[in-house]
Amino acid sequence: MMGSERRIAPRIPLAVPLQVKWTNDKGQTFEERTETEVLNSKGARVRLMNAVELGCEVDVVNLENREAARARVVWAGEYFPGQGQRVGIEFTTFRSAFWGS
């Protein structure tokens, strides 16, 4: 297994509804409802309809239990107009209850 393919925590394919909010480097604020494609204890992969930059900090709310966390974009796929962008987020603040009990 190559180093870039190693995972800190196992991925779980699960769709959890999220609200994601961020401000880009031009001062524009975006807020989107999305859901996880996969998740783990450190973060998740989601699809956003507006482009987001690598390193951007985002506020995330789990819409099932209303838990909130702060995260950073640690991976950003290619943006496709009308289809959005897949991004990997890693929590910078995290409560153990974020994904549920």
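Residues numbered from 1 in each chain as written. Predicted model: local features only at pLDDT ≥ 70, side-chain atom pairs only at ≥ 80, totals over all residues. Heavy atoms only, no water.

**Some words on the confidence of the model for the chain**
Stage number 1. In the predicted model, the chain carries a mean pLDDT of 91, and the fraction of residues at 70 or more is 91%.
Stage number 2. Per-residue pLDDT, averaged within each element of the chain, yields its smallest value for strand S6 (residues 85-93) (96) and its largest for strand S1 (residues 17-23) (98). (pLDDT = per-residue confidence, 0-100. Helix = DSSP H or I, 4+ residues; strand = E, 2+ residues; numbered from the N terminus.)

**Observations regarding the environment of Leu-48**
Stage number 1. Take Leu-48: it is sitting in strand S3 (residues 43-48).
Stage number 2. Placed 15 residues apart in sequence, Leu-48 and Arg-33 show a C-alpha to C-alpha distance of 8.4 Å.

**Topic: the pattern of salt bridges**
Oppositely charged side chains can pair when the atoms bearing their charge come close.
Stage number 1. Enumeration according to the criterion identifies six salt bridges in this entry.
Stage number 2. Where Glu-37 meets Arg-47, a salt bridge forms, and the shortest distance between an N and an O atom there is 4.0 Å. Of the two residues, Glu-37 is situated in strand S2 (residues 29-40) and Arg-47 in strand S3; the sequence distance between them amounts to ten residues.
Stage number 3. You can call Glu-37 partly exposed: its relative accessible area is 26%.
Stage number 4. Salt-bridge contacts for Glu-37 lead to Arg-86; the nearest nitrogen and oxygen are separated by 3.0 Å. Note that Glu-37 is positioned in strand S2 and Arg-86 in strand S6, a separation of 49 residues in sequence.
Stage number 5. The network of salt bridges with common partners includes Glu-37, Arg-45, Arg-47 and Arg-86. (Salt bridge = Lys/Arg side-chain N within 4 Å of Asp/Glu carboxyl O. Buried < 20%, exposed > 50% of the residue type's maximum accessible area, 1.4 Å probe, protein only.)

**Some words on the sheet that holds S1**
Pairing between the strands of a sheet comes from backbone hydrogen bonds, and it takes one of two forms, parallel or antiparallel.
Stage number 1. Here we have six strands rolled up into a closed barrel, ordered S1-S2-S3-S6-S5-S4, and antiparallel in their pairing. With strand direction ignored, the average angle separating the axes of adjacent strands in the sheet is 45°.
Stage number 2. Alignment of S1 against strand S4 (residues 57-62), held across four bridges, turns out to be antiparallel. Pairing of Leu-18 across the sheet is with Asn-62, part of S4. (Pairing = 2+ DSSP bridges. Axes fitted to C-alpha atoms, helices over the stretch in contact; angles between N-to-C directions.)

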